[in-house]
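As a plain string of letters, each chain reads:
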Amino acid sequence: MTVTFEVRDGVGTIQLDRPPMNALDVAIQDRLRELAEEATRREDVRAVILYGGEKVFAAGADIKEMQAMDHTAMVLRSRGLQDAFTAVARIPKPVVAAVTGYALGGGCELALCADYRIAADNAKLGQPEILLGLIPGAGGTQRLARLIGPSRAKDLIFTGRMVRAEEALTLGLVDRVVPAAEVYGQAHAWAAGLAKGPALALRAAKESIDAGLETDLDTALTIERNWFSGLFATEDRERGMRSFVEEGPGKATFR
């Protein structure tokens, strides 16, 4: 398989496995969509890690495969490309990208689909599509601008330049930089900690934030209000508030 999926301690790891650079061909794109949908359905998966292995996250799309496509072929394929990445972004559970080595083009766009990004100190990220006479096509022009702001996104996309981990941290493109040997372990610890939390409340938080960013403030506040009040019907809310009153904060055990 070019993409594997393993679950441990409530954490599902979606790992790219196409040496040497994890080039994201059509088969990988379609498999990512399938696994994202599986992670969404499975109740034993409470959080998700996106991982490319110890050496590289993903160095981009399969350029040889793309070179063979004409305009008609890409018109037919581009929706499938975006749908695959959108399926990852819409996993209603916490998702962390564990980024080692190169995360370029589609690899950077895949990392952008996560809620949190932990990068190795040797990581290099960027959107070099402009150097091919193209623009990012898997959400890069949209998710990158929403994450780091339009002017910074334009700098990276217009120039196609790569940024090292420390600059990526300064830009807000990644959230934590750690030694390369610790990337997966820290990502798993982050995900496993959240996997013990209240699943519906985490889903509500993620969907409120993500949906709210796409609309006006009044509508976003309505989304938040509906989720907030709806959580009062859950057992986790009862457990959490009872534990707080009886034992103090942070001691509740959730189902």
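My aim in this report is to walk through the structure given alongside it, one point at a time. (Residues numbered from 1 in each chain as written. Predicted model: local features only at pLDDT ≥ 70, side-chain atom pairs only at ≥ 80, totals over all residues. Heavy atoms only, no water.)

**A closer look at helix α1 (residues 26–41)**
Every α-helical turn comprises 3.6 residues, leaving residues that sit three or four positions apart pointing alike. Counted at 1.5 Å a residue, the expected span for α1 with its 16 residues is 22 Å, and the 23 Å between its end C-alpha atoms agrees. Structurally, α1 contributes buried residues whose contacts are with β1 (3–8), β2 (11–16), β3 (47–51), α3 (71–89) and α4 (106–112). (Helix = DSSP H or I, 4+ residues; strand = E, 2+ residues; numbered from the N terminus. Expected span 1.5 Å × (residues − 1). Contact = heavy atoms within 4.5 Å.)

**What to know about the sheet that holds strand β7 (residues 124–126)**
Strand order in the open sheet made by the three strands is β5-β7-β8, with mixed pairing throughout. What marks the edges here is a single partner per strand, and that holds for β5 (102–104) and β8 (162–164). For this sheet the average axis-to-axis angle between neighbouring strands, irrespective of direction, equals 20°. When β5 meets β7, the two strands line up parallel, connected through three bridges. (Pairing = 2+ DSSP bridges. Axes fitted to C-alpha atoms, helices over the stretch in contact; angles between N-to-C directions.)

**With respect to the sheet that holds strand β6 (residues 116–120)**
Taken in spatial order, the six strands make up an open sheet running β1-β2-β3-β4-β6-β9, and their pairing is mixed. Each edge of the open sheet carries a strand with a single partner, namely β1 and β9 (176–178). Shown here is a sheet whose adjacent strand axes are inclined to one another by a mean of 20°, direction ignored. With six bridges connecting them, β1 and β2 associate as antiparallel partners. Opposite Val 7, over in β2, you have Gly 12 as the bridge partner. Along the sheet face, helix α8 (residues 183–195) touches β1, β2, β3, β4 (95–99), β6 and β9 and points at about 175° away from the line of β4.

**Remarks on the side chain of Ser 243**
Tracing the chain through its elements places Ser 243 in helix α11 (residues 235–247). On the basis of relative accessible area, Ser 243 is assigned to the buried category, the value being 6%. With sequence-adjacent residues up to four places away left out, Ser 243 is seen in contact with Gly 248, Lys 251 and Ala 252. (Buried < 20%, exposed > 50% of the residue type's maximum accessible area, 1.4 Å probe, protein only.)

**Things to note about unusual backbone geometry**
The omega torsion across Pro 19 and Pro 20 is 5°, close enough to zero to call that bond cis. With respect to the element layout, Pro 20 can be found in the loop between β2 and α1. Non-glycine residue Asp 9 carries a positive phi angle of around 55°. Its location among the elements puts Asp 9 in the loop between β1 and β2. In this structure, Asn 22 is a non-glycine residue whose phi angle is positive, near 55°.

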